[in-house]
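So the chains spell out like this:
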Amino acid sequence: MHGTIARATFSMSRCRSCPSQLSVADVREWGVELRQATQERDAEIAWQVLGTACDAAVAEGLLPSNTVALARRFKPRRSRRADVGIERHRTRVYTEEEVVKLKRAASGERHGGLVHLIFDTGLRPGEALGLQWQDIGTDTIHVRRGLQEYDNSLSLTATKTVGSRRTIYADPRTLSKLGPRQGPKDLVFKSRTGTLVRKNAIYKTWERIHRTSGVPREESPPKWARHTHATLLLSSGTPLPDISRRLGHKSIQTTLKYYAAWLPGEDRTKGAVQKLLSRSAHKDE
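Draft legend 1. Quick peek at the packing of aromatic side chains. A complete count under the given rule lists four aromatic pairs for this structure. Centre to centre, the rings of Tyr-94 and Phe-119 are 5.8 Å apart; their planes meet at 75°, and the pair counts as edge-to-face. Here Phe-119 lies in helix 7 (residues 112–121) and Tyr-94 lies in the loop between helix 5 (82–87) and helix 6 (96–106), a separation of 25 residues in the sequence. Residue Phe-119 is classed as buried on the basis of its relative accessible area, which comes to 5%. Arranged with centres 6.3 Å apart and planes meeting at 70°, the rings of Tyr-94 and Trp-206 form a pair that is edge-to-face. Here Tyr-94, found in the loop between helix 5 and helix 6, pairs with Trp-206, found in helix 10 (residues 199–213); they are 112 residues apart in sequence, far enough to count as distant. Residue classification places Trp-206 among the buried positions, given a relative accessible area of 1%. An aromatic cluster of three or more residues is present, and its members are Tyr-94, Phe-119 and Trp-206.

See below:
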C-alpha cells in the first residue's frame, strides 16, 4: 500500500513542476494501470491521496481545477462476470460437527477461549482482541473498541462505525471459557508479557487446532468462525435485522451482501402466486 501511495505522490510532484501535463486522460490512464497493479482498496487510497494533492495544487494556483475530481466519474472499475458476482461474497462455513471438533481442540490452547468466543458470538477477531474485562457482563459483551495493527505496531481504537459499537448476548458457558476475571482495564486476551496479542498469534492457534481436530483448514482465516455463526443463525430462522445488529454491520444491506446465499432456500412466494393465478383464472371465465 505504501508503494501505491508513494507512486501517487510522485506522480503529483512531477505534475506540480509542469501542471499542464496533468490531464483527465492522464489520470484515467494512471487509474487503469493502478487497478491492474494493486488491490482495489489500495487503489482507492491512492486516488484519495492524488485528489488531495490536486486540491492543494489548485489552492496554490498550479492547477486550474482538480483533474482527479473531473476524472473520477470515469474511474475504471473492476470488471465482473455475471456468474462471478453471485458467488463473490459466498464463503466457506464450518458444519456444526466441525465447530465442535475445533472447540474441543482449542481447549488446550492459550487463546482457546477466543476460538469459543468468535464461534459463539460472531465477534470480529480484532474486536475480541480489544476486549477488556469491564466489557464482559454476566451474559453480555459490550463491543467498544478493536485491535488495530499497523506498521508492526499495535493499538486499541474505537469501533469503525456506530453500528459496530454494540451490546450482544453471550452465553455464560462461553464466557466461562475466558478464564478468571481480572481488573476492569485488563485485557481479556493478552500475550505472555501482558501486552496486546498480535493477530499472527491467533492465526498460529487457528492452524494448530485444525491440525489437532483433523478439520481441513483450506486456508480459512479465523474470521470464518464469524461467518459460521451468522449462517447458523440464518438457518435457525433468526430475523435478518437481529443478525445484522449482532454482527455490528452498518446496515442490513451489508449483511445481505455477505450472507444472502445462505438464506433458507424455500420459495415462500408459492402460495401468493397460486392465489393470484387462481383469481386471474376466475376473471377469465
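Draft legend 2. Fine view of the nonpolar core. By size, the foremost hydrophobic cluster in this structure holds 34 residues, and its most contacted members are Leu-117, Leu-123 and Ile-141. Among the secondary structure elements, those contributing two or more residues to this core are helix 6, helix 7, helix 8 (125–129), strand 1 (140–143), helix 10 and helix 11 (224–235). No other element matches helix 7, which puts five residues into this core. Contact partners of Leu-123, with chain neighbours within four places excluded, come to Leu-117, Ile-118, Ala-128, Leu-131, Ile-141, Val-143, Arg-166, Ile-168 and Arg-226. Core analysis: the second largest hydrophobic core is formed by nine residues, Ala-46, Leu-50, Leu-63 and Val-68 among them.

Draft legend 3. Local environment of the environment of Cys-54. Inspection of the secondary structure assignment puts Cys-54 in helix 3 (residues 40–59). Classification of Cys-54 by relative accessible area gives buried; the value is 0%.

Draft legend 4. Summary view of the pattern of salt bridges. Under the defined criterion, the tally for this structure stands at 10 salt bridges. Between Glu-127 and Arg-166 there is a salt bridge whose closest N-O contact spans 2.8 Å. Residue Glu-127 is located in helix 8, and its partner Arg-166 is located in strand 4 (residues 166–169); the two are separated by 39 residues in the primary sequence. The buried category is assigned to Glu-127, whose relative accessible area is 6%. Judged by its relative accessible area of 8%, Arg-166 is buried. With its nearest N and O atoms 2.4 Å apart, the salt bridge here joins Asp-242 to Arg-245. Placement of both Asp-242 and Arg-245 in helix 12 (residues 240–247) is noted, with a separation of three residues, approximately one turn of the helix.

How each quantity is defined
- Position numbers for residues start from 1 in each chain and track the written sequence from start to end.
- With pLDDT at 70 or above as the cut-off, local features in this predicted model cover only qualifying residues; side-chain atom pairs require 80 or more to be listed or tallied, and sums for whole chains, interfaces and linings still use all residues.
- Working from all heavy atoms in the structure, the side-chain values ignore hydrogens and water.
- Stacked, tilted and edge-to-face are the three classes assigned to paired rings of Phe, Tyr and Trp, where Trp is represented by its six-membered ring and a pair needs centres within 6.5 Å; plane angles under 30 degrees give stacked, over 60 edge-to-face, the rest tilted.
- To qualify as a helix, a DSSP run of H or I must reach at least 4 residues; to qualify as a strand, a run of E must reach at least 2; elements of each kind are numbered from the N terminus.
- Classification of residues uses two cut-offs on accessible area relative to the type maximum, computed with a 1.4 Å probe and protein chains only: under 20% is buried, over 50% is exposed, and between them is partly exposed.
- Among buried residues, those of type Ala, Val, Leu, Ile, Met, Phe, Trp, Tyr and Cys that are joined through side-chain atoms within 4.5 Å constitute a nonpolar core.
- By definition in these notes, contact holds between two residues if any of their heavy atoms fall within 4.5 Å.
- Salt bridge, as used here, is a side-chain nitrogen of Lys or Arg placed within 4 Å of a carboxyl oxygen of Asp or Glu.

Nothing here speaks to function; it is all geometry.
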